[in-house]
Amino acid sequence: MASVLVTGGAGFIGSHVVEALLARGDEVCILDSLDPFYAVASKEANLARIFERGDARVVRGDLRDASAVAEAAAGVDAVIHLAALAGVRPSIERPADYWDVNLLGTQRVLDAIAGRANVRFVFGSSSSVYGGRETVPFHEDDSVGQPVSPYAATKRAGELCCHAFHVLNGNPVSCLRFFTVYGPRQRPEMAIHKFTRMIENGEAVPMFGDGLSSRDYTYVDDIVAGVLAALDRCGEPAGFRIYNLGGDGTTTLADLVACVGKGLGKEPKIERLPDQPGDVPRTAADVSRAREELGFEPRTAVSEGVPRFVTWYRASRAAGEVE
Ligand SMILES: NC(=O)c1ccc[n+]([C@@H]2O[C@H](COP(=O)([O-])OP(=O)(O)OC[C@H]3O[C@@H](n4cnc5c(N)ncnc54)[C@H](O)[C@@H]3O)[C@@H](O)[C@H]2O)c1
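The rules behind the values
- Residues numbered from 1 in each chain as written.
- Predicted model: local features only at pLDDT ≥ 70, side-chain atom pairs only at ≥ 80, totals over all residues.
- Heavy atoms only, no water.
- Helix = DSSP H or I, 4+ residues; strand = E, 2+ residues; numbered from the N terminus.
- Buried < 20%, exposed > 50% of the residue type's maximum accessible area, 1.4 Å probe, protein only.
- Contact = heavy atoms within 4.5 Å.
- Polar contact = N/O pair within 3.5 Å; in protein donor to acceptor, adjacent residues only side chain to side chain.
- Salt bridge = Lys/Arg side-chain N within 4 Å of Asp/Glu carboxyl O.
- Axes fitted to C-alpha atoms, helices over the stretch in contact; angles between N-to-C directions.
- Parallel < 35°, antiparallel > 145°, perpendicular 65-115°, else oblique.
- Left-handed = near helix turned anticlockwise from the far one by under 90°.
- Nonpolar A, V, L, I, M, F, W, Y, C, P; charged D, E, K, R; others polar.
- Expected span 1.5 Å × (residues − 1).
- Pairing = 2+ DSSP bridges.
- Right-handed = clockwise from strand over helix to strand, strands pointing away.
- Core = buried A, V, L, I, M, F, W, Y, C linked by side-chain atoms within 4.5 Å.

This part covers the side chain of Glu19. Along the polypeptide, Glu19 turns up in helix 1 (residues 12–23). Take Glu19: its relative accessible area is 10%, and that puts it in the buried class. Apart from residues lying up to four places away in sequence, Glu19 is in contact with Arg49, Ile50, Arg53 and Arg185.

In structure tokens:
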């Protein structure tokens with residue numbers, strides 16, 4: 001049994017990770033500010049669901065507040081650092097906030113474990129670090145020096161910050177590049193959640209570009225399995241390691257909209273719009289390193305995961321928990 005700090009544990013991915021840790025008997029502390037980026041009530045509902053399943057210590061505090069972070073990190077064996085301002089488009093509106101939370105915040109969490117070299121550190125990074133790269137699939141050793149949004153730049157900077165910390169302090173560190181994660185509790189501004197809401201409401205779905213941009217969508221259960229494996233094997237075979245965690249293939253925007261429509265049993269209306277700044281044309285993960293070293297295996301295809309999301313969405317909407 002380990003004692004694990006999960007930053008961002010009230011959020012989408014974090015709440016699933018916390019539930020999985022509790023289910024296998026680990027002790028969990030959550031550090032989360034319940035940031036109002038989207039409905040705070042959703043995060044409170046995530047915490048309430050966690051308490052139904054087990055007992056977690058919760059520090060409601062900000063990553064940038066050294067005393068809150070020190071309180072949360074006291075006595076833990078490992079940290080899974082997921083708290084961040086997420087999302088490409090809002091980062092273009094408020095880049096300074098993204099740098100503040102995602103970089104200074106990450107450094108504060110690292111500072112809180114300095115001097116405790118056995119504490120493992122797992123960092124939630126992003127496929128966006130690969131920028132507008134045209135050659136697919138993306139491999140961890142590909143060049144990542146040309147991010148195309150402030151969000152992507154902060155995530156790459158977070159990885160660099162983790163690397164410097166590892167070299168100076170010796171802690172085992174793994175950085176996980178998540179490829180577009182979806183599933184129950186997904187953030188409401190993300191594509192699958194947004195499209196589901198709009199098609200359900202009979203609204204036209206905005207389709208940016210020609211609809212041929214593509215993404216590697218990863219079901220949240222697969223991500224959670226990857227996060228736990230990375231936690232358990234952190235430090236092997238190298239003290240610092242970067243892993244792609246992606247799905248089992250890519251889906252174009254047009255096919256995704258059709259898949260959501262099929263799941264809802266409704267014909268989507270489409271509004272065509274120009275490409276958005278900051279968006280990348282494609283993402284596709286080479287997950288061979290994670291497969292080999294972590295035993296990672298994406299198991300849920302989009303054709304299976306999207307209907308599961310739709311079922312969750314309808315039940316949550318009927319319960320008044322989502323819009
Ligand atoms: N969802 C994806 O597709 C995806 C893809 C790549 C990377 N990621 C990364 O995974 C992590 C989790 O993403 P998510 O989709 O679950 O997002 P989320 O917004 O649901 O979760 C982030 C959590 O961090 C908390 N938080 C934000 N600012 C904070 C601060 N200053 N102090 C303390 N807590 C704060 C929020 O309240 C929230 O609960 C993030 O680091 C994100 O960048 C997500």
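More follows now that the structure is in view.
A word on the side chain of Thr7. Secondary-structure assignment places Thr7 in strand 1 (residues 3–7). Of the polar contacts made by the side chain of Thr7, one reaches the backbone nitrogen of Leu82; its length is 2.9 Å. Contacts of Thr7, omitting those with residues within four sequence positions, involve Leu31, Leu63, Ile80, His81, Leu82, Ala83 and Val109.

As a working rule, side chains carrying opposite charge can pair if their charged atoms are close by. Using the criterion set out here, one finds 21 salt bridges in the structure. Between Arg64 and Asp62 there is a salt bridge, and its shortest N-O distance comes to 2.8 Å. According to the relative accessible area criterion, Arg64 is partly exposed, its value standing at 30%. Note that Arg133 is salt-bridged to Asp142, the shortest N-O span being 3.3 Å. Here Arg133 falls in the partly exposed class, since its relative accessible area comes to 25%. Judged by its relative accessible area of 18%, Asp142 is buried. Via salt bridges that share partners, Glu19, Arg53 and Arg185 belong to a single interconnected network.

This part takes up the packing of helix 3 (residues 66–73) against helix 5 (residues 95–113). Axis separation between helix 3 and helix 5 bottoms out at 9 Å; the angle between their running directions is 50°. Relative to helix 5, the element helix 3 is oriented oblique. Here helix 3 runs over helix 5; the crossing is right-handed. Residue-level contacts link Ala66, Val69, Ala70 and Ala73 of helix 3 to Arg108, Val109, Ala112 and Ile113 of helix 5. Of the residues that constitute the contact of helix 3 with helix 5, the class distribution is seven nonpolar, no polar and one charged.

Let us now look at helix 9 (residues 253–264). For helix 9, which comprises twelve residues, the first-to-last C-alpha distance of 17 Å matches the rise-based estimate of 16 Å (1.5 Å per residue) to within 8%. Those residues of helix 9 that fall on the buried side of the exposure criterion are Leu253, Leu256, Val257, Cys259, Val260, Gly261 and Leu264. The first or second residue beyond helix 9 is Gly265, which carries a positive phi of 70°.

Pairing analysis gives five bridges linking strand 2 (residues 27–32) to strand 3 (residues 56–60), with the strands arranged parallel. Bridged to Cys29 within strand 3 is Arg57. In this fold, strand 2 hands off to helix 2 (residues 40–53), which returns the chain to strand 3; that crossover is right-handed.

This brings us to the nonpolar core. Ranked by size, the top nonpolar core spans 46 residues in total, and within it Val17, Leu21, Ile80 and Phe178 carry the most contacts. Tallying contributions element by element places helix 8 (residues 220–232) first for this core, with eight residues. For Val17, the contacting residues outside a window of four places in its chain are Ile80, Leu82, Val224, Val227 and Leu228. The next biggest cluster of nonpolar side chains, apart from the first, holds 32 residues, and it includes Cys29, Val76, Val109 and Ile113.

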